[in-house]
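Tertiary structure, described
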Amino acid sequence: MARAHGFSILGIEVRGLSIGGIETCIDLPGFGVAFDVGRAPEHVIARPTVLFTHGHMDHMGGAAYHCALRGLRRLPPPTYVVGHENVAAFGELFAAWRKLDRSTLEHELVAIGPGEEHAIGPRLVARPFRSLHRAPCQGYALVERRTRLRADLAGLPQAEIRAARSRGEEVTDVVEDIRVAFCGDTLIDVVDREEVVRTAKLLILEVTFLDDRVSPAEAREKGHVHLDEVCERADLFQNEAILVTHFSARYGPADIRKILEARLPATLRDRVVPFIPS
Ligand SMILES: [Zn+2]
Ligand SMILES: [Zn+2]
């Protein structure tokens, strides 16, 4: 079994692991959030917010355990963000666990979907988008909002900017930075449909199948991405880096590196990093 691991990409610390059907947990300590908790590795217990993509066991199975461990350690109750399709069942799961565990399993449950957003911090929001999978699934973009001096004022002397401000003018603009997009489990169609997926600085994309052991058609039937489909769309990706993940357990780490090296077109090779144990 692959162990949890972590590294930094574009200055963003990423921990966790993701193996198709087994366990997915992508932990971003710098943003205070994790995507999915399949089995709750130790490092993710400290994360106060989990954004769940869908209800498959390998993505949601560790939710109650995550909550219980935070309680045990007297950490503040966590926030769990789920799609509207899953909120009722998620609530029932916790109701059953409260009876079994004789505990309160305190947490805040937030249901949102595409078109809505959830504030994580004063300048950071999570914005869901529709992924396409065998179960209802949504990805999330982490969007940072910052203010900058209005473009037409840039380069002007301080006195003029002060004068504009004293006339009551707004001298700053709000700009949005799509720092990360995580698709969860999905068909490749999410790349065609969702601009945030193509433009996020860091894209975290599942590529479950890598070669002809499983054909692209079979990958689609299973609701997952095949590497051929990524290569065909090489020109669409505007991301600074693409972390590829959720490989089928049939591929070993050396295998994954070798296949990516051999098959990725030059325009993607430098930007694509596999999320596997080093
Ligand atoms: Zn999965
Ligand atoms: Zn799934």
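These remarks concern the structure in this document. (Residues numbered from 1 in each chain as written. Chains lettered and ligands numbered in written order. Predicted model: local features only at pLDDT ≥ 70, side-chain atom pairs only at ≥ 80, totals over all residues. Heavy atoms only, no water.)

1. Thoughts on the overall build of the protein
When you go through the protein residue by residue, the secondary structure sums to 10 helices and 14 strands. Relative to its length of 278 residues, the protein is compact, with a C-alpha radius of gyration of 20 Å against a globular reference of 19 Å. For the protein, the spread of C-alpha atoms along the three principal axes comes to 65 × 55 × 30 Å. For the protein, restricting intrachain contacts to residue pairs at least 6 apart in sequence, the fraction spanning at least 24 positions comes to 58%. (Helix = DSSP H or I, 4+ residues; strand = E, 2+ residues; numbered from the N terminus. Rg over C-alpha atoms; globule rule 2.2 N^0.38 Å. Contact = heavy atoms within 4.5 Å.)

2. Let's talk about the coordination of the zinc ion (ligand 2)
For the zinc ion (ligand 2), the protein coordination sphere consists of H54 (NE2), H56 (ND1), H133 (NE2) and D185 (OD), at 2.2 to 2.3 Å. The coordination sphere of the zinc ion (ligand 2) comprises 4 donor atoms, whose angles at the metal cover 90 to 168 degrees; the geometry is irregular. Donor residues for the zinc ion (ligand 2) sit on one chain with the sequence pattern H-x1-H-x76-H-x51-D. The metal-metal distance between the zinc ion (ligand 2) and the zinc ion (ligand 1) is 3.6 Å, with D185 coordinating both. With a gap of 77 residues between them, H56 in the loop between β5 (49-51) and α1 (57-60) and H133 in the loop between β9 (124-131) and β10 (137-149) connect regions that are remote in the sequence. (Donors = N, O, S within 2.8 Å, 3.2 Å for Na, K, Ca; no water. Tetrahedral: all angles 85-135°; square planar, octahedral: opposite > 155°, others 65-115°.)

3. A look at the coordination of the zinc ion (ligand 1)
Only D58 (OD), H59 (NE2), D185 (OD) and H246 (NE2) from the protein reach the zinc ion (ligand 1) as donors, at distances of 2.1 to 2.8 Å. For the zinc ion (ligand 1), the 4 donor atoms are set out with angles of 88 to 148 degrees between them, so the coordination reads as irregular. When the donors of the zinc ion (ligand 1) are listed by position in the chain, the intervening gaps give D-H-x125-D-x60-H. The exposure class of H59 is buried, given its relative accessible area of 0%. Take H246: its relative accessible area is 2%, and that puts it in the buried class. (Buried < 20%, exposed > 50% of the residue type's maximum accessible area, 1.4 Å probe, protein only.)

4. Topic: the packing of helix α2 (residues 63-72) against helix α3 (residues 87-101)
At a closest axis distance of 10 Å, the pairing of α2 and α3 adopts a crossing angle of 55 degrees. Judged by the inter-axis angle, α2 sits oblique to α3. When you trace α2 past α3, the crossing you get is right-handed. Mapping the contact onto sequence places A63, A64 and C67 in α2 and F90, F94 and W97 in α3. A class-by-class count of the residues in the contact of α2 with α3 yields 6 nonpolar, no polar and no charged. (Axes fitted to C-alpha atoms, helices over the stretch in contact; angles between N-to-C directions. Parallel < 35°, antiparallel > 145°, perpendicular 65-115°, else oblique. Left-handed = near helix turned anticlockwise from the far one by under 90°. Nonpolar A, V, L, I, M, F, W, Y, C, P; charged D, E, K, R; others polar.)

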